[in-house]
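# Structural description and commentary
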Amino acid sequence: MSDRSPEEWRREVYQPFVERRGERKPVFRTSSGIELEACYFPAAGQGPPEGPGEFPFTRGVHPTMYRGRPWTMRQYAGFSTAAATNQRFRYLLEQGQTGLSVAFDLPTQIGYDSDHPLAAPEAGRVGVAINSLRDFERLFEGIPLGQVSTSMTINATGIVLFSMYLALCKRQDVPKEKVLGTVQNDILKEFIARGNYRFDVAPSMRLTTDLFRFQQERAPRFNAISVSGYHMREAGCSAVQELAFTLGDGVAYLEAARDAGLDVAATARRVSFFFNGHNELFEEVAKFRAARRMWARIVKERFGVGDPRAQMMRFHTQTGGSTLTSQQPLVNAARVTLQALAAVLGGTQSLHTNGYDEAISLPSEQSALLALRTQQVIAFESGAADVVDPLGGAPFVERLTDEVEGAALAEMAKVEQEFGGMVGAVAAGYVQRAIQREALAFQYAVEKGERVVVGVNRFELDQEAPAEAFRPDPDARAGIFRDLEAVRAERDAGAAAAPLVRPAGSRAPPPPLRPARREGGGACFPVVWGRHRPRPAVPVMCGG
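Bear in mind that the values here come from a model prediction, so they are computed numbers and not experimental data.

### Some details on the overall build of the protein chain
Helix and strand content of the protein chain: 19 helices and 10 strands. Relative to its length of 544 residues, the protein chain is compact, with a C-alpha radius of gyration of 23 Å against a globular reference of 24 Å. Taken over the C-alpha atoms alone, the protein chain extends approximately 70 × 60 × 55 Å along its principal axes. When each of the 544 residues of the protein chain is scored for burial, the buried share is 55%. Carbon and sulfur atoms provide 53% of the accessible area of the protein chain, an area that totals close to 24200 Å². Positive and negative side-chain charges of the protein chain, numbering 63 and 63 respectively, have mean locations separated by a distance of 4 Å.

See the structure below:
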C-alpha cells in the first residue's frame, strides 16, 4: 500500500520513470480540447491508494502504461507451410502489427515429423509445420529478429523450438541480450484443457524447468513461460476459475524452479501470463486488475521476493475464440471489439484480436486485417489508452475487482488444502471436472435462453447466406513432405544421429517432485499416468 499523495506519485514515480525510459511526456487532449493527466486517483477509501507502477500493481505495471507506447499488437498466425505463414507475417507487419505470434500445427506441438503415420493427416492443418531449422529460416525470412518480439505457442516441445529460434537469431547475428519474445512452455494447462502433451507430468515439468535454466543462460530477456488461462477459458471455465487455476499453475512453476535450484526472483522476472478476453466487459477488467494484485502478493509474501520487477504480472490477452459464432459471423467483429477494449482498460501488455470468421475457418487476410485495425482504432481513436487505469476508482469496478479476487483466492485455497497445489489437483482430475461442470452449466443456460447469444438463441435470421471460408492452398501441404525428404537426404546423417546417442549414466536423473498434501496427511503424487490418465474436459484443436 502507498501513502503517497497524487502529487508525490507524479514527482517520485511518474516523472523519474519517464526520464529513465527516455520518453517524451505526451500531451493528450479530448476533441473538445480538454487536457488529460496521466492518471486520476480515486477519493480516499474508494479505490487502491497506490498509483500505477507501484506494488501491488492493481492499476498497471508501469506508471505511464499506454501514454508512452501502445501495447504490443501481436496477431496470431500460422498455416500450412513456413513460406505461406511468412507471407502473412510480413503482410501484417506492413499493416502496423508490432509483434509476431506463431501458431504451430498439431504434429509440431506434440513432437512428430510431418510424415509420421499418426501425424501426416494433420500436417499444416491448424498451424505451420516445423520439421527442421530450414523451416524456421523460411518462416522468418526477411524479418529482423533483433527488432521484433516473437511469441511461440509451443509447450511439450517448447525447448526444441526455442533452441531453433535461438540458432536462427545467432545466424542473424542477434546478441542474446536482444532476443525478445515468449515461449509458452506451460505444460500443466495441456493436461487440463488441450491434451497436447507428449510425456507424463514429472518429465514434462522437468523439461519446463530445463527451459527456464536454458533461457536464463542463453536469452536473458526472453520470457521462459507464458502461464496460460486462455485455454482453460476456452474449455469452459469461468473468469474466477481462469484466474485461480492460472495463478495456481504459476505457483507450481515457481516451486518447481526453486526445487530445481534456480533463483526464484530471476525466474519470476521472466514469467509472463496469457489470459482470455470475454464479453462481460466489467468482469474482465476486474479480472485483469485482480490478477496483477494477487500475483504481486504471491511472489512477495509466499516466495519472499522483494524485487518489484519479479512481482509485476505482465500478460498477453487474446479475445475469446469460444465466444465466436458461425451464425451471422460478422457480428463477431463487435464481440472482438468489446473483448479487446476490456483487455486495454484492464492494462494488457500484448493483445491478439480474433478474425470474425474463426468459427468457420482459419482467418482470411481480410478478417485478419480488420482484427488488427480494431486494435489500432482502440489505440489511436477511442481515447481508451490516453489515461492509465481509466476505470480505477469507479465504485462498481473496485467492488467487482475485490469480489473476483476473493472468489479466486478461495478456489486457490481449496486446491492447496485438498490437493497440495495444482499438480496434485490436475493429477486427481479435479480441475478438469470443475471446468467441465462450468461448461455444461453455461451450455444449458444458452439452450434454455437464460444466456443470450445474439444470432444463436435470439435475433436469428430466417435465411442466412453461407459464409465464405478461407482455405489455405491445398497443394502447399505436399511441399511440407517434399521439404522434409530433402532435409533428410541432404544432411550429414552421422552428425544428426550422434547427439541422440549418450553413454549410459551421462545425465543425472531428475530430482523428484515434492508429493502433494492431503488433509489428514498422505501423499497423492506422483501418480501413474498411463491408461487412466485424465483427458481434457473439452477437446481444443487450435493453438490460441
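Still more to cover.
### Describing the packing of helix α9 (residues 239-259) against helix α11 (residues 281-302)
The geometry of a pair of packed helices is captured by two quantities: the angle between their axes and the separation between those axes. Two numbers describe how α9 lies on α11: the axes approach to 10 Å, and their chain directions differ by 25°. In this view, α9 runs roughly parallel relative to α11, as classed from their interaxial angle. In this structure, α9 meets α11 at a crossing whose hand is right-handed. When α9 is examined against α11, the residues A239, E242, L243, L247, G250, V251, L254 and E255 are found in contact with a partner set consisting of E283, E284, K287, A290, A291, M294, W295, I298, V299 and R302. Within the contact of α9 with α11, the residues separate by chemical class into 11 nonpolar, one polar and six charged.

### Section: a nonpolar patch on the surface
On the surface, a cluster of nonpolar side chains totalling about 260 Å² of accessible area is made up of V452, V454 and F459. With respect to the helices and strands, the residue F459 is situated in the loop between α17 (430-447) and α18 (476-490).

### Some remarks on the pattern of salt bridges
Under the counting rule described, the total for this entry stands at 29 salt bridges. Note that R10 and E7 form a salt bridge whose closest N and O atoms lie 4.0 Å from each other. On the criterion of helical spacing, the pair formed by R10 and E7 is a turn pair, its members being three residues apart in helix α1 (residues 6-21). A relative accessible area of 49% means that E7 is categorised as partly exposed. Close ionic contact of D113 with R488 constitutes a salt bridge, the shortest N to O distance being 3.0 Å. One end of the pair, D113, is in the loop between α3 (106-110) and α4 (133-139); the other, R488, is in helix α18, and 375 residues separate them in sequence. Under the relative-accessibility criterion, D113 is labelled partly exposed at 35%. Take R488: its relative accessible area is 34%, and that puts it in the partly exposed class. Within the structure, one salt-bridge network assembled from shared partners comprises R4, R11, E12 and E54.

### Observations concerning the packing of aromatic side chains
Applying the stated rule across the entire model yields 21 aromatic pairs. Plain terms: the ring middles of F79 and F470 are 5.7 Å apart, the flat faces sit at 75° to each other, and that makes the pair edge-to-face. Taken as a pair, F79 in the loop between β3 (72-77) and α2 (82-94) and F470 in the loop between α17 and α18 lie far apart in primary sequence, 391 residues in all. Note on F79: relative accessible area 8%, which makes it buried. Judged by its relative accessible area of 22%, F470 is partly exposed. A centroid spacing of 4.9 Å and a plane angle of 35° characterise the contact between F162 and F222, whose relative ring orientation is tilted. You can see F162 sitting in helix α5 (residues 158-171) and its partner F222 sitting in the loop between α7 (201-218) and β7 (225-228), a full 60 residues away along the chain. Taken individually, F162 and F222 each receive the classification buried, so the pair is uniform in this respect. Positioned above the aromatic ring of F55, the side-chain terminus of K300 is 4.3 Å from the ring centre.

### A word on the sheet that holds β3
Spatially, β6-β5-β4-β3-β10-β9-β8-β7 is the arrangement adopted by the eight strands of the open sheet, whose pairing is parallel. Looking at the sheet topology across the chains shown, the edges are occupied by β6 (181-183) and β7. When strand polarity is set aside, the average angle formed by the axes of neighbouring strands in this sheet is 25°. As judged from the four bridges shared by β7 and strand β8 (residues 271-277), these two strands associate in the parallel manner. By the bridge assignment for β8, I225 is matched with V271.

### Let's talk about the environment of I298
Residue placement: I298 occurs in helix α11. I298 gets classed as buried once you look at its relative accessible area, which sits at 11%. When the C-alpha positions of I298 and G250 are compared, they lie 9.7 Å apart, and in sequence the two are 48 residues distant. Sequence-distant contacts of I298, that is, excluding residues within four places in its chain, are made with L247, V251, F303 and M412.

### Quick notes on the nonpolar core
Residues F136, L247 and W295 are the most contacted members of the largest nonpolar core, which totals 124 residues. If near-sequence neighbours (up to four positions away) are discounted, W295 is found in contact with L247, G250, V251, L254, V271, F273, A310, Q311, M312 and M313.

### Focus: the pairing of strand β9 (residues 314-319)
Where burial is concerned, most of β9 is hidden: six out of the six residues are buried. As defined by bridge partners, β8 adjoins β9 across six bridges and the pair is classed as parallel. By the bridge assignment for β9, N276 is matched with Q318. Of the pairings in the sheet, the one linking β9 to strand β10 (residues 350-352) comprises three bridges and is parallel in character. Residue H316 lies in a different strand from β10, and its bridge partner there is S350. Taken together, β9, helix α13 (residues 332-345) and β10 form a β-α-β motif whose crossover is right-handed.

### Topic: unusual backbone geometry
Looking along the chain, the bond that leaves F55 and enters P56 is cis, with omega of 5°. Along the chain, P56 turns up in the loop between β2 (35-36) and β3. In this model, M65 sits at a positive phi of 45°, which is unusual for a non-glycine residue. Checked against the element boundaries, M65 lands in the loop between β2 and β3. One non-glycine residue, S80, adopts positive backbone phi at about 45°. With respect to the secondary-structure elements, S80 resides in the loop between β3 and α2.

Reading the values: the criteria
Residues numbered from 1 in each chain as written. Predicted model: local features only at pLDDT ≥ 70, side-chain atom pairs only at ≥ 80, totals over all residues. Heavy atoms only, no water. Helix = DSSP H or I, 4+ residues; strand = E, 2+ residues; numbered from the N terminus. Rg over C-alpha atoms; globule rule 2.2 N^0.38 Å. Buried < 20%, exposed > 50% of the residue type's maximum accessible area, 1.4 Å probe, protein only. Areas by Shrake-Rupley, 256 points an atom, 1.4 Å probe, with all protein chains shown as cover. Lys, Arg positive; Asp, Glu negative; His and termini not counted. Charge placed at Lys NZ, Arg CZ, Asp CG, Glu CD. Axes fitted to C-alpha atoms, helices over the stretch in contact; angles between N-to-C directions. Parallel < 35°, antiparallel > 145°, perpendicular 65-115°, else oblique. Left-handed = near helix turned anticlockwise from the far one by under 90°. Contact = heavy atoms within 4.5 Å. Nonpolar A, V, L, I, M, F, W, Y, C, P; charged D, E, K, R; others polar. Patch = residues over 30% accessible without salt bridge, like charges linked within 9 Å, V, L, I, M, F, W, Y side chains within 5 Å. Salt bridge = Lys/Arg side-chain N within 4 Å of Asp/Glu carboxyl O. Phe/Tyr/Trp six-rings, centres within 6.5 Å; stacked < 30°, edge-to-face > 60°. Lys NZ or Arg CZ within 6 Å of the ring centre and 35° of its normal. Pairing = 2+ DSSP bridges. Core = buried A, V, L, I, M, F, W, Y, C linked by side-chain atoms within 4.5 Å. Right-handed = clockwise from strand over helix to strand, strands pointing away.

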